[in-house]
Each structure stands twice: as C-alpha cells, then as structure tokens.
Amino acid sequence: DGLGDTIRVSLSEAPEAEIPVARKLVDYIVSRENHPYIPGAEAPGFDYVNPVRRTTKAVGNIGGEHVPVVISARLNGNLAVSEQFKPDYIYCGQQLPETRPSGVGYIVDANVWKGEEGVYPAFNYQQLIGLHHCEASMKFLFVPYMGLTEEAMACLRLHPEVVIVAQSNHPNRLGEFRGIVHQLMTYGLENPVVFFQLYQEEELENLQIKSAADMGALIFDGFCDGILLYNHGGKISDVKVDETAFGILQAGRVRTSKTEYISCPGCGRTLYNLESTIARIKAATSHLKGLKIGIMGCIVNGPGEMADADYGYVGAGRGKISLYKKKECIEKNIPEEQAVEKLIELIKANGDYCE
C-alpha cells in the first residue's frame, strides 16, 4: 500500500538469513512502482482500517460463512494430491480424467462439460450467453477487471450461482483484484470471488514470497473466498503449490490446515538451540491439525508472545525449559534434552495428540 519505511522479517534461524527474504519481498513490491493506471473506485462504506469479510451468497461451499477454498489447476492430467492439503476443487481445462481422487470437486471448460456429478463448467467473460443458458447449479466465470462490463454485471445479477475467478496480468495485480471486488460491492453483487494467482517460478521460496504478498492484503481486506494458485512450468510440484495455497490461508487466519507454530527469531537471551528444537518439535507434532504450539527462546518475552498458543515451550535458563498449557506454567526447569519428550507427554495427557 506504499506505507512504512522499514521491513522486519522474523525467521527462527540465523539473523543473516532474514536479509535475502526481506530483499526479495521489497524488490517484488517496489517493481510495481509507476504501474499503468487502474481506473478503480473505492466502494461506499468500505473501511480499510476496520475491514470485515465481504458479504456473499454461498455457492455450494464457496462464499457465505464458509472458509476460503483452494482450487488447484491440473492441466497436465496429474491429479496426485496430498491428503493433508487436498484441494477443494481441481480445474482440468479441456480434459476431465476418467480416474479422479474422491472428495474433490472438478471444473472443466464449459465447451466440454457434460453435466457429470461433481463436475462444474467454467466460462470466460466472452461466453456470457452460454453461461446464461447453462443449467449447472454452480458455474465459474474467469474474468479480468476490464471484463466486468455492464453486460457482465447484468449477467451476474441474474446468476447468483456464479463464482467469479478473478484474473490479472497487470504489473500491480493486487490493485486490479481490489478494483474487481470494489466494483462488485458498488453494484451490490454478492457472488463469491476466487483469486487466480499465476506465476512462473523455478524456486519454491520465490513462489511463496510473491503469492503470499499478493494474497495477504486481499485476505486482510475481507475479500478472499478462495485461491487458485498456479505455477506455470518450473520444477515445483503441484502438491507443493497446493500446500503453499493452504499455508497462505492459514497465515491469514482464515483457514487452518496444519499445526500452527508461534516462534521467536532468537536473540542473546536464547540459551538453547532454537533451530534444532523447532525441527524436533515439528517432526513430532506436524500432523496435529489446528494445534498451536509456542516455541520461545526466553522467559522474558516468551509467555506474552505465545499467550494464544495451546502449548508453550519456553527457555527458562541455560539448558532449562518450562512448559505451558495455555497461559499456565505446568512444569519448570526441565533439562533441555528431556523437554521435547515432556512436551509430547503433556499434549497426550490433555487428549490433544493423535498418532
């Protein structure tokens, strides 16, 4: 948004490892400077300081009070998915594979849609007549900002069963995406919006940084009913792309799909090996979906910074650890070499651990 003069990246590793991440983030955002004009207008009543989730009418499990969905684009026919990060829908384009994972909805281009159960048609903004006459209970409309013409707006008003898939190839895609949603709000339209974020990255970290930066403001604005994250080409697997999409939604506090770790970056008061400890705790608890675990270096800031965690692992002195349940200290001054096992025992004793 062009606010602020300093960036602070907090990683639970060596401080010098923060600099390349911060540099990538700054360079990506600054590259939007002097971008082409976006003829957008803020919707009446919208408050950037106190945003709330945009009011939408649910279409199936998209929009309304539902958590944002993840759509995975699989145009190469590879439908392998992770059980933990299984997308809600898979967009297959022109070809619907005969063998498909269960528990997932499928989206195909409208010209090949045949009304199969659990399969839904996708239209582009030049196919409004076809969309109008289609009898599917759920339809997807791929549309850029400039495609939201008066005709398109009138069509959307007649078809609340349409999920908008917002597209942009603008240098400031965040600006165009905001423009789309503000226009819908101005016209009183309540169709859910999924943001189609397209990249061409060779390294996973670059994809994570750019996609998180592009989605973060949209989530905070209350605009996100779903994300379609697609990395064209490169060596990043589809499963890793799906995991990144779920991670973005969890970081934005709008959908939980894995264990949440709250950790400090470490400082001179940290008297145990923070990095190796985090790795050990993650290895033992990463399957505990929805659980929040605080891993803090010292007793000075630890209890306060991990106040909303379910369990806390806090440095109490050189080689000593204290364990917390919520804000209550359960056991003090545990030898570091025993502390991770003691943490697992505490989680199990409270019924929050599953094998």
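Note that the structure is predicted; figures quoted are calculated from it, not measured.

Undergrad: Quick rundown of the packing of aromatic side chains? Include the residues and the values.
TA: In this structure the tally under the stated criterion is 9 aromatic pairs. When the centroid spacing of 4.6 Å and the interplanar angle of 85° are considered together, the rings of F46 and Y48 count as edge-to-face. Residue classification places F46 among the buried residues on the basis of a relative accessible area of 12%. A residue is classified by how much of its surface remains accessible, and Y48, at 38% relative accessible area, is partly exposed. Plain terms: the ring middles of F177 and F195 are 5.1 Å apart, the flat faces sit at 65° to each other, and that makes the pair edge-to-face. In this pair, F177 sits in helix α4 (residues 173-186) while F195 sits in strand β7 (residues 193-199), placing the two residues 18 residues apart along the sequence. Side by side, F177 and F195 carry an identical accessibility label, which is buried. Lying over the aromatic face of Y106, R100 brings its terminal NZ or CZ to 5.5 Å of the ring centre. One Lys or Arg, K325, reaches over the ring of Y311 and ends 5.2 Å from the middle of that ring.

Undergrad: Provide a residue-level description of helix α7 (residues 274-285), including the pertinent values.
TA: Taking 1.5 Å as the rise per residue, α7 with 12 residues should run 16 Å; its terminal C-alpha atoms sit 16 Å apart, in good agreement. Every buried residue of α7 is listed here: L274, T277, I278, I281 and T285. On an axial view of α7, the arc spanned by its buried residues comes to 100°, and they lie on one face. Those residues of α7 hidden inside the fold are in contact with β9 (260-263), β10 (292-296), β11 (311-317) and α9 (336-349). At the N-terminal boundary of α7, the capping side chain belongs to N273, with an oxygen 3.3 Å from the backbone nitrogen of E275.

Undergrad: Outline the pattern of salt bridges, listing residues and values.
TA: Inspection of the entire model under this criterion finds 20 salt bridges. A salt bridge links R255 to D88; its shortest N-O distance comes to 2.8 Å. With a gap of 167 residues between them, R255 in the loop between α6 (238-251) and β9 and D88 in the loop between β1 (69-73) and β2 (89-93) connect regions that are remote in the sequence. Judged on exposure class, the residue R255 and its partner D88 are both buried. The salt bridge involving D310 is made with K326; its shortest N-O contact spans 3.2 Å. With a gap of 16 residues between them, D310 in the loop between α8 (302-305) and β11 and K326 in the loop between β12 (320-325) and β13 (328-335) connect regions that are remote in the sequence. Here D310 falls in the buried class, since its relative accessible area comes to 16%. K326 gets classed as partly exposed once you look at its relative accessible area, which sits at 41%.

Undergrad: Pulling in residues and values, what's your account of the nonpolar core?
TA: L141, L156, L184, F195, M215 and I227 are the most contacted members of the largest nonpolar core, which has 47 residues in total. Apart from the residues lying within four places of it in its own chain, the contact partners of L141 are F123, N124, Y125, L128, L131, L156, V162, V163, I164 and V165.

Undergrad: With reference to specific residues and values, describe the packing of α7 against α9.
TA: The relative placement of two packed helices comes down to the angle between their axes together with the axis-to-axis distance. Contact geometry for α7 and α9: axes closest at 11 Å, N-to-C directions at 30°. The angle between the axes of α7 and α9 places the two elements in the roughly parallel class. Viewed along their axes, α7 and α9 form a crossing whose handedness is right-handed. Touching T277, R280, I281, A284 and T285 of α7 are E336, E337, V340, E341, L343, I344 and I347, all from α9. Per-class residue counts for the contact of α7 with α9 are 6 nonpolar, 2 polar and 4 charged.

Undergrad: Which residues make up the sheet that holds β13, and what values do they have?
TA: Sheet architecture is open: 5 strands sit in the order β9-β10-β11-β12-β13, paired in mixed fashion. The two strands at the open ends of the sheet, each matched to only one other strand, are β9 and β13. Strand after strand, the sheet turns through a mean of 20° between neighbouring axes, direction not considered. Sheet analysis places β10 next to β11, joined by 4 bridges and oriented parallel. Along β11, the bridge assignment pairs I293 with Y311. Along the sheet, α9 contacts β10, β11, β12 and β13; its crossing angle with β13, the most-contacted strand, is approximately 150°.

Undergrad: Mind laying out the side chain of R178, listing which residues take part and the relevant values?
TA: Summarising the element assignment, R178 is placed in helix α4. Accessibility expressed as a relative area gives 11% for R178, which makes it buried. In contact with R178, other than residues within four places in its own chain, are D1, Y48, A217, L218, D221 and F223.

About the criteria used
Residues numbered from 1 in each chain as written. Predicted model: local features only at pLDDT ≥ 70, side-chain atom pairs only at ≥ 80, totals over all residues. Heavy atoms only, no water. Phe/Tyr/Trp six-rings, centres within 6.5 Å; stacked < 30°, edge-to-face > 60°. Buried < 20%, exposed > 50% of the residue type's maximum accessible area, 1.4 Å probe, protein only. Helix = DSSP H or I, 4+ residues; strand = E, 2+ residues; numbered from the N terminus. Lys NZ or Arg CZ within 6 Å of the ring centre and 35° of its normal. Expected span 1.5 Å × (residues − 1). Arc of directions from axis to C-beta. Contact = heavy atoms within 4.5 Å. Polar contact = N/O pair within 3.5 Å; in protein donor to acceptor, adjacent residues only side chain to side chain. Salt bridge = Lys/Arg side-chain N within 4 Å of Asp/Glu carboxyl O. Core = buried A, V, L, I, M, F, W, Y, C linked by side-chain atoms within 4.5 Å. Axes fitted to C-alpha atoms, helices over the stretch in contact; angles between N-to-C directions. Parallel < 35°, antiparallel > 145°, perpendicular 65-115°, else oblique. Left-handed = near helix turned anticlockwise from the far one by under 90°. Nonpolar A, V, L, I, M, F, W, Y, C, P; charged D, E, K, R; others polar. Pairing = 2+ DSSP bridges.

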